[in-house]
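In case you want the letters, here they are:
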2 protein chains.
Amino acid sequence: MTLLRRPPPAVRATSLQVPKGKATSFDIAHLTGVSQSTVSRALRDSPLVSEETRQRIKAAADQLNYKVDKNASNLRSQHSGTLALLLFEDPTADDSHINPFFLSMLGSITRACALRGYDLLMSFQQLSYDWHADYADTKKADGIILLGYGDYLAYRDKLQKLAAQGMRSVRWGAVLPDQPDLSIGCDNFQGGQAIAAHLLDQGCKRVAFLGDASSHYPEFFERYHGYTAALEQAGIVADPALQVDAAESTEQAGYNALETLLVRKVPFDAVFAASDLIAIGAMRALADHGIKVPEQVAVAGFDDIPMARFLNPPLTTVLQDTKLAGETLVDTLLQLIRNEPVETRLLPVRLVVRRSSQFGSRQA
Amino acid sequence: MTLLRRPPPAVRATSLQVPKGKATSFDIAHLTGVSQSTVSRALRDSPLVSEETRQRIKAAADQLNYKVDKNASNLRSQHSGTLALLLFEDPTADDSHINPFFLSMLGSITRACALRGYDLLMSFQQLSYDWHADYADTKKADGIILLGYGDYLAYRDKLQKLAAQGMRSVRWGAVLPDQPDLSIGCDNFQGGQAIAAHLLDQGCKRVAFLGDASSHYPEFFERYHGYTAALEQAGIVADPALQVDAAESTEQAGYNALETLLVRKVPFDAVFAASDLIAIGAMRALADHGIKVPEQVAVAGFDDIPMARFLNPPLTTVLQDTKLAGETLVDTLLQLIRNEPVETRLLPVRLVVRRSSQFGSRQA
DNA sequence: CTGAAAGCGCTTACAG
DNA sequence: CTGAAAGCGCTTACAG
């Protein structure tokens, strides 16, 4: 049985049969003897509807298994109740695993959206693709969250365009003085400083840094600045020979970076990797060269991805609170959408000391 | 400047100013001097439009930064170009980490959707919630993917309801003879058998099984059946005292299960955990009791989550190909949506032998 | 508190 | 190949 859209003959109206096809608000209206407008109001809990009418309407809606058509209501009301999450990937192998740190962020963002009654549209994007329009202009989402490392200078233009178009967006990443958009990020400087200070405390004298140290990768750059600041505090001048680029946050990049370091034949007794994945690769390279961690070289990473504590030895790192980060991103974006004042925020980090950086430590 | 919806005065029509507000297909029509229908056709690459007209229309669309309003087009065409992914969680602590295996699946599903031009709506659901209607009936998605362990018998009813409503859905999980829906899953029986056979090959005589072994958790149950089949082949009758329930796939459940096993004081020389997370918990419990892996007890898991190879010792497990799984789920669902014939599929698994199960192995 | 009406921005028969 | 028209299912002024 297919319900008619407009007032059906009395026979139909009195039939209490539950229709097979999709029910509309008109069907509820006929069933309850009110207008379609009233049905719409009642289901949206408008105070304009009497309690008694609302009850009857909701009962009928339940009975007919009625759900508001989101496409129609979005079209009419001009907002979607949906946020889009764009995860950028470097244009590498498409079967590579996603950085576990982003996976954690993703989980926390999804949860935060659900708790606030928003749907989340997920998408992977090539950095090169014309994503700046695809979610906002099509009205698929009310706002977008930008997640992912990548060459900042290369996509700064797109951020600018986004902002110019009045698009609501929040970026996870470095908080920069000249940024065209709104961003939420961890205190990378503080984290880098904490790690380097800790390594120096352990008695390390020559701490290498594995990770890009340029404004192309601002988060890594801030960690690097924290590192040099800690060295400076200890009266040490950073040796450029101890810094090796690793722009991508992958195990392979870490492995390669450490090999590069070894080829240089400069002495080092500690490695601060700009991310845990880089640290994992570096540890593998060290093992391949028969260098013992932490006895000969201390190692530390950044992120505290779930596997960090399971490594052998467990990895000293900096915890980024992904739960707080996800919630902050979502809340900030929602404020933006509601035209409330918002601000760029720097989230606190926490040093997590494990065996990989502790000289003379016994099996934990 | 706000563009009029209906034919504007000539002055406006000839003005080439790019409007600030959202452009509509009518704006493109005015700009190019064709009807709005033709604009719609051209942008959808209908063969009914001449090449020359199409070019002009597309150029104008680019110029005005025009994008089709998805809500309007979805409403009219009655499909959304979106799939929904529902991830079920046991009603545990809300800040618990998501099982890394599901996170991998999620990544692969997202990628598969993107490659096929579909958007992905992500959502966490409590098993108890009334999710069976929320995505289909609201027209937010053309179909849904169900992911997550949980008590199968408890939500069988909902699957039935879903199917009865004609909802398009595919479930990741066990392939059962009496299931009301369509599912894609790995060959859990085969995987369980391979693990158990491998442990016996290594010389183990008393292999414990950590995981629920009932039809409440069909995937675990199938792994258990594979395990008993392998024992049987070796002429061993499974000892019920060696099976400990662990319904949840968490480290804590694994830790508890192993403690339970120890309390029973039955001898065992190997542990087959129904998932890697359970195995990790079991290994921690073994370590806490001073029992050496693999020298005194061999350990194996299931899933091959990313951290499995980094454990100490690295964990023997069964690889579930999440990339293939995600693609198969998405492709099957799309076939369903296109009313093409589909079938439940069993995906192959692969035994991955690492140090945790190898007696007398040296540091790898 | 309720109803009649307009209209969100498209897609798609229908007619030419 | 193109256009005029209907209509997808809602929300929301407007009027009472």
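Parameters and conventions
- Sequence order sets the numbering: in each chain, residues are counted from 1 along the sequence as written.
- Numbering of ligands from 1 and lettering of chains from A proceed in the order in which they are written.
- Totals for whole chains, interfaces and linings use all residues, but because this is a predicted model, local features are given only for residues with pLDDT of at least 70 and pairs of side-chain atoms are given and counted only at 80 or more.
- Side-chain numbers come from the whole structure's heavy atoms, not from hydrogens or water.
- What counts as a helix is a DSSP run of H or I of at least four residues, what counts as a strand is a run of E of at least two, and both are numbered from the N terminus.
- Remark: exposure states derive from per-residue accessible area (1.4 Å probe, protein chains only) relative to the maximum for the residue type, with buried under 20%, exposed over 50%, and partly exposed in between.
- Two residues form a contact once any of their heavy atoms are found within 4.5 Å.
- Throughout, the Shrake-Rupley method with a 1.4 Å probe supplies accessible areas, and for residues the shown protein chains are the sole cover considered.
- Our superposition of the copies is a least-squares fit, built on the C-alpha atoms of residues whose pLDDT is at least 70 in both.
- As a working definition, buried area equals the accessible area (1.4 Å probe) given up by two parts on being put together, with both sides summed.
- When a carboxyl oxygen of Asp or Glu lies within 4 Å of a side-chain nitrogen of Lys or Arg, that pair is called a salt bridge.
- Residues adjacent in sequence count toward polar contacts only when both atoms are side-chain atoms; beyond that, a polar contact is any pair of N or O atoms within 3.5 Å, and within protein one must be able to donate a hydrogen and the other to accept it.
- A pair of strands is considered paired only if DSSP assigns at least 2 bridges between the two.

Going by what an unreviewed UniProt entry lists, chain A is known as LacI family DNA-binding transcriptional regulator and is assigned to Dyella flava.

**Q** Is there a simple way to explain the overall build of chain A in this structure?
**A** From N to C terminus, chain A includes 13 helices and twelve strands. Looking at chain A as a whole, 54% of its 364 residues qualify as buried. Counted over contacts in chain A with a minimum sequence separation of 6, partners at least 24 positions apart contribute 72%. Split by element, the accessible area of chain A, about 15,700 Å² in all, is 52% carbon and sulfur.

**Q** How do you make sense of the side chain of T53(B) when you look at a structure like this?
**A** Secondary-structure assignment places T53(B) in helix 4 (residues 51-63). Those residues in contact with T53(B) that lie beyond four places of it in its chain are V34(B) and T38(B).

**Q** Explanation requested: the environment of A208(B) in the structure shown.
**A** Residues and elements named next belong to chain B. Tracing the backbone shows A208 in strand 6 (residues 207-210). Considered as a pair, A208 and A241 are 33 residues apart in the sequence and their alpha carbons are 8.3 Å apart. Those residues in contact with A208, other than ones at most four positions away along the chain, are Y227, L242, L261, F268, A270, V271 and F272.

**Q** It is not clear to me how the relation of the copies chain A and chain B should be interpreted in this structure. Could you clarify?
**A** Note on the chain copies: they are related by a rotation about an axis and a translation along it. For the pair chain A and chain B, the best superposition has an RMSD of 0.0 Å and corresponds to a rotation of 180° with a translation of 0.0 Å parallel to the axis. What we have between these two chains is a two-fold relation. Residue by residue, 98% of the interface of chain A is reproduced at the interface of chain B, so both copies engage with the same surface.

**Q** Quick question: what am I supposed to make of the interface of chain A and chain B here?
**A** Note on interface size: it is often stated as the accessible area lost on association of the parts. Contacts between chain A and chain B engage 46 residues on the former and 46 residues on the latter. Interface of chain A and chain B: buried area, both sides summed, is about 4,600 Å²; carbon and sulfur atoms make up 56% of it. A per-residue breakdown of the area chain A buries against chain B is headed by N71(A), R111(A) and F310(A), which together make up 15% of the total. Viewed at the interface, chain B and chain A are joined by six salt bridges. One can count eleven residue pairs in polar contact (both at pLDDT 80 or more) joining chain A with chain B.

**Q** Can you walk me through the sheet that holds strand 8 (residues 270-273) of chain A in this structure?
**A** Through backbone hydrogen bonds, the strands of a sheet pair up, either in parallel or in antiparallel fashion. All names here are of chain A. As summarised here, the arrangement of the four strands in space is 7-6-8-9, forming an open sheet in which the pairing is parallel. A single partner strand is all that each edge strand has here, and the edge strands are strand 7 (243-244) and strand 9 (298-300). As paired strands, strand 6 (residues 207-210) and strand 8 are joined by four bridges and run parallel to one another. Its bridge partner lying in strand 8, L210 is registered against A273.

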